[in-house]
Amino acid sequence: MIYGPTLLFALGEGAVIPLIPVIANRLGADVAVAALVAAALVVGQLCGNIPAGWAVARFGERLTMGTAGIVILGGLTAVVFAQSLAFFAAAVFLIGFCAASFALARHSFMTTRVPLHFRARALSLLGGTFRLGMFVGPFISAALLAVFGDETASIVFFAVCQVATILLVFFGPDPEKAVPVGGPAGRGDGDSREAEDTGEPVTGAIPTVERVGVFRTMWRFRGVLARLGLAAASLSAVRSARQVVLPLWGVSLGLDAGTIAVVVGVSGAIDFALFYASGQVMDRFGRLWAALPAMILMGAGFLALSFTHDLGSAAMWYAMFAAVLGVGNGLSSGILLTLGADIAPANEPAAFLGSWRTLTDAGGAVAPLIVSALTAVASLSIGVGAMGLVAVLGAVGFVRWVPRYVPRAR
């Protein structure tokens, strides 16, 4: 009941995401417009984080997830019958908007009920469940296309996953009732907070979301969001840049599609293999021991890669640094989820997590635009090197702010 809905949603979404540019192209979009339509999914999720935080705080995780699943079914129906590019893009945006509810509801559940001493492992497993779905989903889509020869089969598969998710959420055991807030599986450390956590003096208990609201919660925690939140956004930016840079770098070297796919696939496999190790490191040694190596590895990988484009062995360096980026990204698995849970208000974290996820998702959305703009103005090497500098600055931010804001398990 905790990981099942996430896996089902990720499987369906992973099967459909590769087909969004294909369907957009069939509806008349060129390459640039098709990329923009594909980005509507990320933009929708970015815009849906704060409303999802309000909904989870107001109506609970179960009702929010079930309602979001029903709305996604409507969005998938619109995708199947879309006859115009604008209508199709709106449907993709709606799916992304509702996808935020799934991620935030489970994030909120883990924050209030998982003890601090194994929280990172639980959240890394949650992130790994999503990565598994996104990794396997495209292969399921490829198999369905081979059998039926139509993108509709993959969309129907997503719809079937959504129906199963809705049934599981509404009719399965309710984790919210099975594990009460503050019970044996509560935060586990007393969750003492100092005034510096929010940038303001704190007297007494931390207010609940119902008392202060979403935007007042954002204002109350503006200090940690502006400091540790920006460091987390830099990590999200570097992760997102990796997904864009690796294929582009292979194309710029003149490699064929098969070689690029193998390099990117190996990097992704390394990334997936390390997701649980990240949680182990964070729980055993502290959050900084996973965040800092991840940022240093990815920063060094991007910076070093930016100097290899014109070398005679550029393809070899490309494959090696793609693996380095995969290791760094794998070590960062679950960090953003864990840090958000660590610093969220103890009783009702949903509103804060909506703000936290909006900030981190914004970092991921901006990174490809930075790489694209610097490539257009200067070169791809400059764009890649800039992301390396972002990683270095993010590492400095983590060193400065994680010890200040993040509690340690006793």
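Okay, so let's go over this structure. (Residues numbered from 1 in each chain as written. Predicted model: local features only at pLDDT ≥ 70, side-chain atom pairs only at ≥ 80, totals over all residues. Heavy atoms only, no water.)

Focus: the packing of aromatic side chains
Then comes step 1: In this structure the tally under the stated criterion is 9 aromatic pairs.
Then comes step 2: Ring geometry for Phe285 against Trp289: centres 6.3 Å apart, planes inclined by 50°, an arrangement best described as tilted.
Then comes step 3: Judged by relative accessible area, Phe285 falls into the partly exposed class, the value being 44%.
Then comes step 4: Note on Trp289: relative accessible area 57%, which makes it exposed.
Then comes step 5: Seen from their ring centres, Trp317 and Phe321 are 5.7 Å apart, and the 20° between their planes marks the pair as stacked. On the criterion of helical spacing, the pair formed by Trp317 and Phe321 is a turn pair, its members being 4 residues apart in helix 15 (residues 314-331).
Then comes step 6: Taken together, the ring pairs in this structure connect Phe9, Phe102 and Phe158 into an aromatic cluster.
Then comes step 7: Sitting over the face of the ring of Phe221, Arg220 holds its NZ or CZ atom 5.8 Å from the ring centroid.
Then comes step 8: Positioned above the aromatic ring of Trp401, the side-chain terminus of Arg400 is 4.3 Å from the ring centre. (Phe/Tyr/Trp six-rings, centres within 6.5 Å; stacked < 30°, edge-to-face > 60°. Buried < 20%, exposed > 50% of the residue type's maximum accessible area, 1.4 Å probe, protein only. Helix = DSSP H or I, 4+ residues; strand = E, 2+ residues; numbered from the N terminus. Lys NZ or Arg CZ within 6 Å of the ring centre and 35° of its normal.)

Details of the nonpolar core
Buried together is how nonpolar side chains tend to be arranged in soluble globular proteins.
Then comes step 1: Counting residues in hydrophobic clusters, the biggest one holds 85 residues, and the most contacted among them are Phe88, Leu228, Phe352 and Phe398.
Then comes step 2: Top element by residues in this core is helix 11 (residues 222-252). It accounts for 12 residues.
Then comes step 3: Ignoring anything within four residues of it in the chain, the contact list for Phe398 reads Leu228, Ala231, Ala232, Leu235, Leu288, Ala291, Met295, Leu339 and Pro403.
Then comes step 4: Formed by 8 residues, the second largest nonpolar core is a distinct cluster that contains Met110, Val114, Leu123 and Ala341. (Core = buried A, V, L, I, M, F, W, Y, C linked by side-chain atoms within 4.5 Å. Contact = heavy atoms within 4.5 Å.)

Side note on the pattern of salt bridges
Then comes step 1: Applying the stated rule across the entire model yields 5 salt bridges.
Then comes step 2: A salt bridge links Asp283 to Arg121, with the shortest nitrogen-to-oxygen separation between them at 2.7 Å. Of this pair, Asp283 sits in helix 13 (residues 275-285) while Arg121 sits in helix 6 (residues 119-148); the two residues are 162 residues apart in sequence, bridging distant segments of the chain.
Then comes step 3: Arg242 is the partner of Asp271 in a salt bridge, and the nearest nitrogen-oxygen pair spans 4.0 Å. Taken together, the positions of Asp271 in helix 12 (residues 257-273) and Arg242 in helix 11 put the pair 29 residues apart, joining distant regions of the chain.
Then comes step 4: Each of Arg121, Asp283, Arg287 and Asp342 takes part in a single network of salt bridges with overlapping partners. (Salt bridge = Lys/Arg side-chain N within 4 Å of Asp/Glu carboxyl O.)

A few points about the packing of helix 1 (residues 4-16) against helix 6
Relative placement of two packed helices is described by the angle separating their axes and the distance separating the axes.
Then comes step 1: At a minimum axis distance of 6 Å, the contact between helix 1 and helix 6 shows a crossing angle of 35°. Judged by the twist between their axes, the crossing of helix 1 over helix 6 is right-handed. Contact with helix 1, carried on its side by Thr6, Leu7, Ala10, Leu11, Glu13, Gly14 and Ala15, involves Leu126, Thr129, Phe130, Leu132, Gly133, Met134, Val136, Gly137, Pro138, Ile140 and Ser141 of helix 6 and no other residues of that element.
Then comes step 2: The residue inventory of the contact of helix 1 with helix 6, partitioned by class, reads 11 nonpolar, 6 polar and 1 charged. (Axes fitted to C-alpha atoms, helices over the stretch in contact; angles between N-to-C directions. Left-handed = near helix turned anticlockwise from the far one by under 90°. Nonpolar A, V, L, I, M, F, W, Y, C, P; charged D, E, K, R; others polar.)

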